[in-house]
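Now for the letters of each chain:
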Amino acid sequence: MTSRSKEKVAAAFRKLFRSPEKLDNEAAGPSGSPARRGLFRRHRDGVSPAEAAVSLPSSPASSTMSKKKAGCANDVRERAAGVRTRRLMKELKEIQRLQEHRPNPVFTVELVNDNLFEWHVRLHQIDPESDLASDLREMSIPNILLHLIFPENFPFAPPFMRVIEPRIEKGFVMEGGAICMELLTPRGWASAYTVEAVVMQFAASVVKGQGRVVRAPARSSREFSRRRAEEAFRSLVKTHDKYGWVTPSLSDG
């Protein structure tokens, strides 16, 4: 073997057994960065491209978009809360002004635990010729107590209203004191309706439906509570959404 042949064989062996560091440098190229060399080493050691992608941080653009969406949702809720508060403050002041200037107001309002979004309404006057008015006089009951709860999207959705006391049968008053009145359902509600309009409509409906004060509730009768009223009202809304609004007969009142 000539000296030149020996040099070729030696060069071939050196190339075959080069160190990993030299392979990394050659793979990166003259302009290869340390990060690229490290990534090459990870691929060589069996790390898949998918694993490398998982370790990358999230895109700044996607993070910014999420923050913008959350900010918009908060803005919508804040505006809705402002609309509800202003509307109820305006109505409460007007009702209180009328109460002060009328010696015998039809109804009066008081906040429940100073909560602007939950009212007690006392209905003092209904048709004096009605059987219900006669029951109230006979039993020395001064008024009908109503409970109103205003949802977050009021006045674009109706308040929930029920009778607390006395316990009334018929008169479109259902289980738990829920009230069967189209005006109180999402389908029948309009944002222009006021609390006064709601109360006066109830005063007319309970008389029209021949409501009477329950003298002695049967032991087997269901509880007259807010929970029962909410259940009855949800069932009412579901029924009317399916079949439309049909005024029930007086026997169903």
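Before any of the text, the structure's been laid out above.
A few points on the structure.

So, how was this worked out
- Residues numbered from 1 in each chain as written.
- Predicted model: local features only at pLDDT ≥ 70, side-chain atom pairs only at ≥ 80, totals over all residues.
- Heavy atoms only, no water.
- Helix = DSSP H or I, 4+ residues; strand = E, 2+ residues; numbered from the N terminus.
- Buried < 20%, exposed > 50% of the residue type's maximum accessible area, 1.4 Å probe, protein only.
- Contact = heavy atoms within 4.5 Å.
- Areas by Shrake-Rupley, 256 points an atom, 1.4 Å probe, with all protein chains shown as cover.
- Pairing = 2+ DSSP bridges.
- Axes fitted to C-alpha atoms, helices over the stretch in contact; angles between N-to-C directions.
- Arc of directions from axis to C-beta.
- Core = buried A, V, L, I, M, F, W, Y, C linked by side-chain atoms within 4.5 Å.

## What about the overall build of the chain?
At step 1: Assigned secondary structure in the chain consists of eight helices and six strands.
At step 2: Starting at the N terminus, the α and β elements of the chain follow one another as α-α-α-α-α-β-β-α-β-β-β-α-β-α.
At step 3: A total of 253 residues make up the chain; the buried ones form 32% of that total.
At step 4: Pairs at least 24 residues apart make up 62% of the contacts formed inside the chain by residues separated by at least 6 positions.
At step 5: Carbon and sulfur atoms make up 54% of the accessible area of the chain, which totals about 16500 Å².

## Focus on the sheet that holds strand β4 (residues 160–165)
At step 1: Strand order in the open sheet made by the four strands is β1-β2-β3-β4, with antiparallel pairing throughout. At either margin of the open sheet sits one strand with a lone partner, and together these are β1 (107–112) and β4. Going across the sheet, the axis of each strand differs from the next one's by a mean of 30°, ignoring polarity.
At step 2: Pairing of strand β2 (residues 115–123) with strand β3 (residues 144–149), which is carried by six bridges, proceeds in the antiparallel orientation. Following the sheet pairing, tryptophan 119 is matched in β3 by leucine 148.
At step 3: Contacting β1, β2, β3 and β4, helix α7 (residues 195–208) runs over the sheet at an angle of about 35° to β2.

## A short note on the pairing of β2
At step 1: Of the strand pairs in this sheet, β1 and β2 are connected by six bridges, and their pairing is antiparallel. What sits directly across from leucine 111, in β2, is tryptophan 119.

## Section: helix α6 (residues 131–138)
At step 1: Considered for burial, the residues of α6 that qualify are Leu132, Ala133, Asp135 and Leu136. All buried residues of α6 fall inside an arc of 155° around its axis, so they share one side. Exposed residues lying more than 90 degrees from the buried face of α6 are Arg137 and Glu138.
At step 2: Tucked inside the fold, the buried residues of α6 contact β3, α7 and β6 (212–213).
At step 3: Serine 140 sits one or two residues past α6 and shows a positive phi near 55°.

## Focus: the environment of phenylalanine 107
At step 1: Considering the arrangement of structural elements, one finds phenylalanine 107 in strand β1.
At step 2: According to the relative accessible area criterion, phenylalanine 107 is buried, its value standing at 8%.
At step 3: In this structure, the C-alpha to C-alpha distance between phenylalanine 107 and valine 121, residues 14 residues apart in sequence, is 6.7 Å.
At step 4: Setting aside anything within four residues of it in sequence, one finds phenylalanine 107 in contact with Ile95, Gln99, Val121, Arg122, Leu123, His124, Glu196, Val199 and Met200.

## What about the nonpolar core?
At step 1: Counting 44 residues, the largest nonpolar core has Trp119, Ile144, Met161 and Phe202 as its most contacted members.
At step 2: Among the elements of the structure, α5 (60–101), β1, β2, α6, β3, β4, α7 and α8 (226–243) are those that each provide at least two residues to this core.

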